[in-house]
Every structure is written in C-alpha cells, then in structure tokens.
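# Working through the structure, step by step
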Amino acid sequence: ALLRFVEDELSRSSTLIERTLAGTLALLRDARDGLASSERERHFEMVEALQRQGARYQARFLAALRDGVHRELATQDDASTAATGAAFGGLELMDEARVESDIEISRAMQIIDSTAEWERRELQTFTSTLCGLKHVSEESNPLRPIVYATALWEASGAVSPVQANRAILLRLSAGVAAGLLKSAW
C-alpha cells in the first residue's frame, strides 16, 4: 500500500515542479526592484537561465526526487531486516563546497518543514499506518522535506553551476515548493 501511495505522489510531482518553477521565476522578477545593481544583474541572469533551462530544471528535480524517495524506501527495508551494529558507513573527507551545499540543503529543508509541519505530521501518521506500524514514525515517510530539498538543490545545478546562484535559487524555490507541498500533503 505504501509503494502504491508513493508512486501516486511521485506521478503528481511534475505539476508540483512546474508550479514551483513559475513561482520562483515570479519571485526572481519581483525581487529585482529593491536590489543593488550587482544583485539585480545576478537575478536577471538567473531568470534568463531558468527560462532557458526550465525543462532541465524540472527533469533533474523529478529524477532526483524519485532517486531520493527510492533511497528512503530502501533504507526502510534495510532497517527492518537488519540489526545494525555499526552506525558509520565509513569516514570520508569533505570539501568546502560539499559542506556549503549541505548547509544550503539543510536550510531549504527547514523552510519546507516549518511551512508544512502540521501537514507533514499528518502525512507521517498516514505513512506509518500504511507500513502497518502501531506508532507514528518519521522514518515511515519517504516523502520527507530533506528529499525535496535535495531534489531542488540538484535541479538548481541543472540551471547554474555557480554555488551562489544555486543557493539563491534553492532558497526561493524551497519557499515556493513548501507552500505547494502544504497543499499537496
């Protein structure tokens, strides 16, 4: 039942990202009026890039969302079938760009979570029921804010390789998507 529900939600994601793209473009256009000339130029570049790369932005979001949700579902399966002793999958060196992207994704996740917290909790209750759990578990919900924030980060990379542009685009699109997710959830 959970898999059918998740696939149904994923099939509706194309409408979500289309509306997110339109809302983000509108915010970028409106925000230019009160900015300094250098910031205004950056926003203008981002509007142009989003208009040119809109299809790539949407496609990358959908692919990343699907991958993230399936990864979450696989984690649920692994957790339910294995008793893990070691929590660490190994250590890795992280570069500064990776840390900065993780921080931006975390901020976007917080935007989504705080905007749609009540609805996310209801969804969590629903997914826990679909999993047959007797208690509510956040891990039962593969459609968590972190998955959406990560997918938006990946989508922003399809528009611009510049870290600062990606961060601005992520923050704006997370705000737009949060309102849409509130309704969807």
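Before any of the text, the structure's been laid out above.
Residues numbered from 1 in each chain as written. Predicted model: local features only at pLDDT ≥ 70, side-chain atom pairs only at ≥ 80, totals over all residues. Heavy atoms only, no water.

### A word on the nonpolar core
Counting residues in each nonpolar core, the largest one holds 43 residues, and the members touching the most others are Y57, F61, I112, Y148 and L152. Every element with two or more residues in this core is listed here: α1 (2–11), α2 (13–31), α3 (37–81), α4 (96–115), α6 (145–159) and α7 (163–184). If one sorts the elements of this core by residue count, α3 sits on top with 10 residues. Apart from residues no more than four positions distant in its own chain, L152 is found in contact with I17, T20, Y57, F61, I112, L170, S173, A174 and A177. (Core = buried A, V, L, I, M, F, W, Y, C linked by side-chain atoms within 4.5 Å. Buried < 20%, exposed > 50% of the residue type's maximum accessible area, 1.4 Å probe, protein only. Helix = DSSP H or I, 4+ residues; strand = E, 2+ residues; numbered from the N terminus. Contact = heavy atoms within 4.5 Å.)

### Re the packing of α4 against α7
The geometry of α4 relative to α7 is characterised by a closest axis approach of 8 Å and an angle of 20° between their N-to-C directions. On the basis of the axis angle, α4 is roughly parallel to α7. The interaxial crossing formed by α4 with α7 has right-handed handedness. Facing A97, E100, S101, E104, I105, A108, I111, I112 and T115 of α4, the residues of α7 in contact are Q163, A167, L170, R171, A174, G175, A178, G179, L181 and K182. Of the residues that constitute the contact of α4 with α7, the class distribution is 10 nonpolar, 5 polar and 4 charged. (Axes fitted to C-alpha atoms, helices over the stretch in contact; angles between N-to-C directions. Parallel < 35°, antiparallel > 145°, perpendicular 65-115°, else oblique. Left-handed = near helix turned anticlockwise from the far one by under 90°. Nonpolar A, V, L, I, M, F, W, Y, C, P; charged D, E, K, R; others polar.)

### Let's talk about α6
In a regular helix each residue adds 1.5 Å, so 15 residues correspond to 21 Å; α6 covers 21 Å between its end C-alpha atoms and thus fits that length. By the criterion of burial, α6 is predominantly enclosed, with 11 of the 15 residues buried. When we look at burial in α6, the residues that qualify are P145, V147, Y148, A149, A151, L152, W153, A155, S156, A158 and V159. (Expected span 1.5 Å × (residues − 1).)

### Details of the pattern of salt bridges
It is possible for side chains bearing opposite charge to pair when their charged atoms get close. All told, the structure shown has 9 salt bridges when counted by the stated rule. Between E154 and R60 there is a salt bridge, with the nearest N and O atoms lying 3.1 Å from each other. Of the two residues, E154 sits in helix α6 while R60 sits in helix α3, which places them 94 residues apart along the sequence. Salt-bridge contacts for R144 lead to E72; the nearest nitrogen and oxygen are separated by 2.1 Å. Here R144 is found in the loop between α5 (117–130) and α6, whereas its partner E72 is found in helix α3, with 72 residues between them in sequence. Take R144 and E72: they sit in the same class, and that class is buried. If you follow the salt bridges from partner to partner, you end up with E104, R107 and R171 in one network. (Salt bridge = Lys/Arg side-chain N within 4 Å of Asp/Glu carboxyl O.)

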